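# Observations on chain architecture
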Amino acid sequence: MSIDKGSAYTTNLPTPPAAPTSAVPLWARPRTIRIATTIVLSASAIVLLLFPLSPSRSAQNTVIIALVFAIGAVGLNIVTGYTGYLSLSQFAFVGIGAYTVAILARAWPDVSPFAWVPIGGLLAAAMACILGLVTYRSRGPSFVIITIAFLFLVQFIAIEWDELTNGTAGITMPLPDWPREWGNWPFHLALVVLLGLSLLMSWWIRRTKFGLGLIAIREDEGKAGTVGVTAPVYKLLAFGASALFVGMAGGVYAYYLGFVDPVNMFSILFSVQIVLSVILGGRGTLFGPVLGAFLIEPLNTFANNVSFGVIQGGGNLRLVMFGSLLLLLVVLLPEGIVPSLKALVERARAKGRVGLSGARLAPLSSSTTPAVTTERAPAHPGPARALLEVRGLSKSFGGNHAVDDCTFTVPEGSITALIGPNGSGKTTVFNLVSGTLLADRGEILLDGERVDRVAPWGRAHRGVGRTFQITRLFREMTVLENIVTPLRSFSIPRLGVPAVSGAEASRAMELLDFVGLAAYRDVRAGSLSYGQQKLIELAQVLMLDPKLIMLDEPAGGINPTLIERMGDLIRDLNRQGKTFLLVEHNMPFVLGLCDPIRVLAKGHVIAEGDPDRIQKDPAVIDAYLGDDYLLERKPAPAAGLVTEGSTR
Ligand SMILES: Nc1ncnc2c1ncn2[C@@H]1O[C@H](COP(=O)(O)OP(=O)(O)OP(=O)(O)O)[C@@H](O)[C@H]1O
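An account of the accompanying structure is given in this report. (Residues numbered from 1 in each chain as written. Predicted model: local features only at pLDDT ≥ 70, side-chain atom pairs only at ≥ 80, totals over all residues. Heavy atoms only, no water.)

Each helix and strand in the protein was counted, giving 24 helices and 12 strands. In the protein, which comprises 648 residues, the proportion classed as buried is 54%. (Helix = DSSP H or I, 4+ residues; strand = E, 2+ residues; numbered from the N terminus. Buried < 20%, exposed > 50% of the residue type's maximum accessible area, 1.4 Å probe, protein only.)

Turning to the site of the ligand, a few remarks are in order. Around the ligand lies a shell of 14 residues, among which Asn422, Gly423, Lys426, Thr428 and His585 are the nearest. At a separation of 2.9 Å, an oxygen atom of the ligand approaches a polar backbone atom of glycine 423. Within the complex, 62% of the 640 Å² of free accessible area of the ligand lies under protein. (Near = heavy atom within 4 Å. Polar contact = N/O pair within 3.5 Å; in protein donor to acceptor, adjacent residues only side chain to side chain. Areas by Shrake-Rupley, 256 points an atom, 1.4 Å probe, with all protein chains shown as cover.)

Applying the stated criterion across every chain, the model contains 17 aromatic pairs. When the ring of tryptophan 108 is compared with that of tryptophan 116, the centres are 5.5 Å apart and the planes differ by 40 degrees; the resulting orientation is tilted. Look at tryptophan 116 and you get buried, because its relative accessible area is 14%. Ring geometry for phenylalanine 114 versus tryptophan 178: centroids 6.0 Å apart, planes at 15 degrees, classification stacked. Residue phenylalanine 114 is found in the loop between helix H3 (90-107) and helix H4 (117-134), and its partner tryptophan 178 is found in the loop between strand E1 (171-172) and helix H7 (185-207); the two are separated by 64 residues along the sequence. Using a relative accessible area of 14% as the deciding quantity, one classes tryptophan 178 as buried. Through pairs of rings, three or more aromatic residues link up here, namely Phe114, Trp178, Phe187, Tyr255 and Tyr256. Seen from the ring of tyrosine 85, arginine 139 lies directly overhead, with NZ or CZ sitting 4.6 Å from the centre. For the cation-ring pair, arginine 472 lies above phenylalanine 468, with the distance from its terminal atom to the ring centre recorded as 4.3 Å. (Phe/Tyr/Trp six-rings, centres within 6.5 Å; stacked < 30°, edge-to-face > 60°. Lys NZ or Arg CZ within 6 Å of the ring centre and 35° of its normal.)

Quick look at the sheet that holds strand E7 (residues 449-450) now. One open sheet holds the 4 strands; their spatial order is E4-E3-E6-E7, and the pairing between them is antiparallel. Each of the sheet's edge strands pairs with one partner strand only, and the pair in question is strand E4 (400-411) and E7. (Pairing = 2+ DSSP bridges.)

Below, the discussion takes up the side chain of serine 424. Here serine 424 shows up in the loop between strand E5 (415-419) and helix H15 (426-434). Within the structure, the side chain of serine 424 is placed 3.5 Å from the side chain of lysine 426, a separation counted as a polar contact. Sequence-distant contacts of serine 424, defined by excluding residues within four places in its chain, comprise Ala402, Leu600, Ala601, Lys602 and Gly603. (Contact = heavy atoms within 4.5 Å.)

The end-to-end C-alpha separation of helix H20 (residues 530-543) is 20 Å, in line with the 20 Å expected for 14 residues at 1.5 Å each. Judged by how many residues are buried, H20 sits mostly within the fold: 13 of 14 residues are covered. One or two steps after H20, the chain reaches aspartate 545, where phi turns positive at roughly 55 degrees. (Expected span 1.5 Å × (residues − 1).)

This brings us to the environment of methionine 550. On the secondary structure map, methionine 550 appears in strand E9 (residues 548-552). As a C-alpha pair, methionine 550 and leucine 581 span 31 residues in sequence and 4.7 Å in three-dimensional space. Residue contacts for methionine 550: discarding those within four places in its chain leaves Phe430, Val433, Ser434, Val464, Gly465, Arg466, Thr467 and Leu581.

Enumeration over the complete set of coordinates arrives at 24 salt bridges. Here glutamate 412 and arginine 385 are joined by a salt bridge, their closest N and O atoms 3.1 Å apart. Taken together, the positions of glutamate 412 in the loop between E4 and E5 and arginine 385 in the loop between helix H14 (337-350) and strand E3 (386-397) put the pair 27 residues apart, joining distant regions of the chain. Exposure remark for glutamate 412: the relative accessible area of 14% places this residue in the buried category. A relative accessible area of 35% means that arginine 385 is categorised as partly exposed. Close ionic contact of aspartate 447 with arginine 385 constitutes a salt bridge, the shortest N to O distance being 2.2 Å. With aspartate 447 in the loop between strand E6 (441-446) and E7 and arginine 385 in the loop between H14 and E3, this pair connects stretches of sequence that are 62 residues apart. Linked through salt bridges whose partners overlap, the residues forming this network are Glu389, Arg391, Glu443, Arg450 and Asp452. (Salt bridge = Lys/Arg side-chain N within 4 Å of Asp/Glu carboxyl O.)

It is worth spelling out the sheet that holds E9 at this point. With mixed pairing, the 6 strands of this open sheet are ordered in space as E8-E9-E10-E5-E11-E12. Looking at which strands have only one partner, the edges of the open sheet turn out to be strand E8 (464-466) and strand E12 (604-609). Strand-to-strand twist across the sheet, computed as the mean angle between neighbouring axes with direction ignored, equals 20 degrees. Strand direction decides the pairing type here: E5 and strand E11 (residues 597-601), joined by 3 bridges, are parallel. (Axes fitted to C-alpha atoms, helices over the stretch in contact; angles between N-to-C directions.)

A word on a nonpolar patch on the surface. A cluster of nonpolar residues, Leu326, Leu327, Leu328, Val330, Val331 and Leu332, forms a patch on the protein surface that exposes about 630 Å² of accessible area. Relative to the helices and strands, leucine 327 is located in helix H13 (residues 315-332). Classification of leucine 327 as exposed rests on a relative accessible area of 60%. (Patch = residues over 30% accessible without salt bridge, like charges linked within 9 Å, V, L, I, M, F, W, Y side chains within 5 Å.)

Note that all results are geometric; they support no functional claim without further evidence.
Here it is as structure tokens:
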């Protein structure tokens with residue numbers, strides 16, 4: 001799935017030097033694409049605006065219905081394209097808006113039904129928020145099933161709540177009260193305005209922190225929580241936003257049809273049509289869903305009217321058509337039209353250009369070290385207070401006691417290591433401290449405050465930052481977007497701030513410089529090497545500016561040069577007062593960097609102390625290091641590993 005990349009943002013960052021354009025074919029050059037896009041969009045807007053001038057009443061009807069579907073698709077794109085939740089209840093919000101307007105118009109016949117349209121939108125948004133609340137914990141297939149159930153439930157209410165909805169008989173709307181010669185203009189213009197507003201909202205969302213948070217949720221909801229993205233609130237707002245203009249469009253649609261009934265207003269086929277529009281045009285793109293809706297609705301009209309021999313147009317042919325289209329889309333155009341066109345242009349532009357593949361890391365220099373803000377002064381001689389306290393922590397998976405009565409502290413200003421054999425529970429401890437898992441028993445205190453029942457984003461806001469054993473960057477985002485996603489606090493007004501801008505963008509670039517990967521800022525994170533991803537994840541966690549930085553195997557699976565760099569970066573940050581908790585199997589790396597060390601075996605801390613003590617501890621040698629390690633220690637340290645001793 002593609003997303004509109006960093007170009008969507010206002011940044012004051014220096015742009016990298018442009019590639020020579022001579023090798024790029026004329027049609028793929030940025031200027032040509034810009035001009036062509038402007039011409040196509042302007043021409044489409046003019047044709048759409050003036051379409052009621054068309055002499056064909058049936059064509060006018062098709063465009064009005066396509067407008068309703070386009071508004072539905074732009075709304076659904078917020079939930080499906082940006083947030084990654086596939087909903088099959090989108091047309092229910094058209095129905096809710098339609099019924100609201102129909103009921104109010106029946107109750108107050110002297111008021112124009114248009115006056116009730118905003119109320120239809122607000123009610124649809126409120127219902128969508130309720131759906132968001134109900135589905136708070138579900139994802140994937142179970143989410144899809146709940147949305148179908150929601151659609152049927154609303155239809156059931158429309159059928160059964162006779163006094164309000166007139167049951168299966170439906171509600172007849174008043175006739176339009178404007179002169180005959182105006183024809184469909186008021187309906188058409190109202191829907192064009194609603195489409196414009198929904199596009200404006202979608203565009204705005206994508207440029208803001210809110211939109212970036214939604215994409216983080218789509219890419220990896222668990223990880224998004226650990227960098228401070230308050231997923232439930234984001235999802236609730238996304239659901240509400242996705243239905244607002246759709247409900248309004250439903251109100252206009254009801255007035256246009258002159259009649260609402262539960263069968264047509266809550267048909268699942270219409271919801272499928274909206275989903276198809278989004279997929280065909282391109283999920284996560286601005287105009288893709290509109291394009292999809294304007295391609296599918298005429299096709300739908302065609303399927304309704306045409307007949308091939310024994311196959312008559314109408315319901316069945318439409319089903320065959322939708323089914324085949326879905327199949328073709330998945331096989332031939334899984335990304336949709338707009339992303340496929342973009343990829344084509346990108347390929348043409350990249351031809352013959354030397355990419356960043358194999359580019360060397362920028363050297364480390366003191367000038368690239370960003371000033372990290374620490375809430376406390378660096379550690380001083382004498383016993384440091386505990387920044388993190390883990391007391392009697394336990395976690396079982398069935399009969400497997402992964403963490404068993406685990407107790408240890410991380411002194412403030414230290415680089416503490418948590419070591420132990422494979423499966424001893426180190427990553428589980430990390431998951432428990434960062435909130436990705438909830439403990440069965442025990443307490444976790446950060447800075448003296450209990451956090452063991454706090455949600456992952458709450459812990460991130462309090463100052464817990466972590467990386468993962470297998471890096472978990474937001475793969476479809478650019479490197480720069482990844483760096484600016486973390487949020488150290490949450491507030492509704494902050495959601496509207498541009499995603500990448502101002503001082504924050506400059507700090508993100510500072511951090512990219514710090515890890516030597518500034519040249520990669522606009523590269524898709526998923527295309528980086530494993531070691532580069534580790535460094536980017538470190539920069540990402542630094543952007544969160546946590547009190548405690550937890551690194552899960554920072555040296556795992558990366559080359560000796562990068563290991564050395566990682567060690568230097570950690571030392572630099574520690575000198576500035578940052579506290580680290582590290583899980584690592586590379587013993588020379590741990591012994592050269594960390595003090596104190598906690599040793600875990602079978603989920604329990606079996607030894608702790610400074611590196612010298614740990615290396616000599618018989619229990620540690622028995623459980624983890626082994627006698628071989630003792631023999632190996634006597635000669636010089638292993639080549640290619642960290643050469644510098646501890647600076648501590
Ligand atoms: N989500 C889970 N479901 C079931 N079992 C789990 C889960 N997570 C961890 N475990 C089990 O808990 C135990 C501890 O696993 P954990 O990943 O914490 O160990 P580790 O010390 O980090 O290992 P390694 O050094 O190999 O990364 C293992 O037996 C593992 O199979």
